[in-house]
Every structure is written in C-alpha cells, then in structure tokens.
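One-letter residues, chain by chain:
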Amino acid sequence: MITDPAPGRLPPPSGGPCAGNPEFAAGGGGSAPGFTAATYTSSDGRLQFAVSVTVAMDDAERMTMPRRVTSALPSVFCPAT
C-alpha cells in the first residue's frame, strides 16, 4: 500500500534525502501490519529507489521503520553523505 503523507503530516523537505545532489522526490510510502514501504525517484527519472521491509517487532520499534527506510536511500545514492 503506497499512500500520500498521513493527514496532518508534512511532505518531506524539498530536495529530499540527498539535499538536492541528486534531487529525489518521495513517490509515496505506507505501511500496514507487518510491513513498511517507500519509493523515491530522482528529478530526471534516471534513479529510483523502492524498498519494502517486513517487520516483526513491538509497536514502539515499528514506528521507527519509516525513518530507517528513508535513511537507507542516502547510503545508496548520495555520494556526499
């Protein structure tokens, strides 16, 4: 299930996780019991990042998964970080 930001939550900051080098935009993300997913695409469409994580943990730890999934992108695509 890929969804827009939840009501009341702001979209990710402009430039995305690489601070504009390259520029990524969130394509969507979401979660349901047992998994979390996110997608990103570079502004030129040449780079794409999609990940789905199956989780088996308590609710407090599961709430950290969206941040963990988003932080995976810089380790793959952001040369300056």
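Located above this text is the structure these notes cover.
All of the points below concern the structure found in this document. Predicted model only: the values in this text are computed from it and were never measured.

## Some details on the overall build of the protein chain
- Across its full length, the protein chain holds two helices and three strands.
- Listing each helix as α and each strand as β along the protein chain from the N terminus yields β-β-β-α-α.
- A total of 81 residues make up the protein chain; the buried ones form 25% of that total.
- Here the protein chain displays about 5,400 Å² of accessible surface, and carbon together with sulfur accounts for 56% of that area.

## Observations concerning the side chain of Thr 36
- In this fold, Thr 36 is placed in strand β2 (residues 35–42).
- Non-local contacts of Thr 36, meaning those with residues more than four positions away in its chain, are made with Gly 30, Ser 31, Val 51, Ser 52, Val 53, Met 65, Pro 66 and Val 69.

## Notes on the pairing of strand β1 (residues 24–32)
- Examined bridge by bridge, β1 and β2 share eight bridges and lie antiparallel to one another. In the sheet register, Gly 28 faces β2, and the bridge partner there is Thr 39.

## Side note on the environment of Leu 73
- Structurally, Leu 73 can be placed in helix α2 (residues 65–77).
- Note: C-alpha distance between Leu 73 and Gln 48 (25 residues apart in sequence) is 9.7 Å.

## Overview of the side chain of Ser 42
- Note that Ser 42 resides in strand β2.
- Once you skip the residues sitting within four places of it in the chain, Ser 42 turns out to touch Glu 23, Phe 24 and Leu 47.

Rules behind the numbers
Residues numbered from 1 in each chain as written. Predicted model: local features only at pLDDT ≥ 70, side-chain atom pairs only at ≥ 80, totals over all residues. Heavy atoms only, no water. Helix = DSSP H or I, 4+ residues; strand = E, 2+ residues; numbered from the N terminus. Buried < 20%, exposed > 50% of the residue type's maximum accessible area, 1.4 Å probe, protein only. Areas by Shrake-Rupley, 256 points an atom, 1.4 Å probe, with all protein chains shown as cover. Contact = heavy atoms within 4.5 Å. Pairing = 2+ DSSP bridges.

Read these as layout, nothing more, since geometry by itself doesn't imply function.
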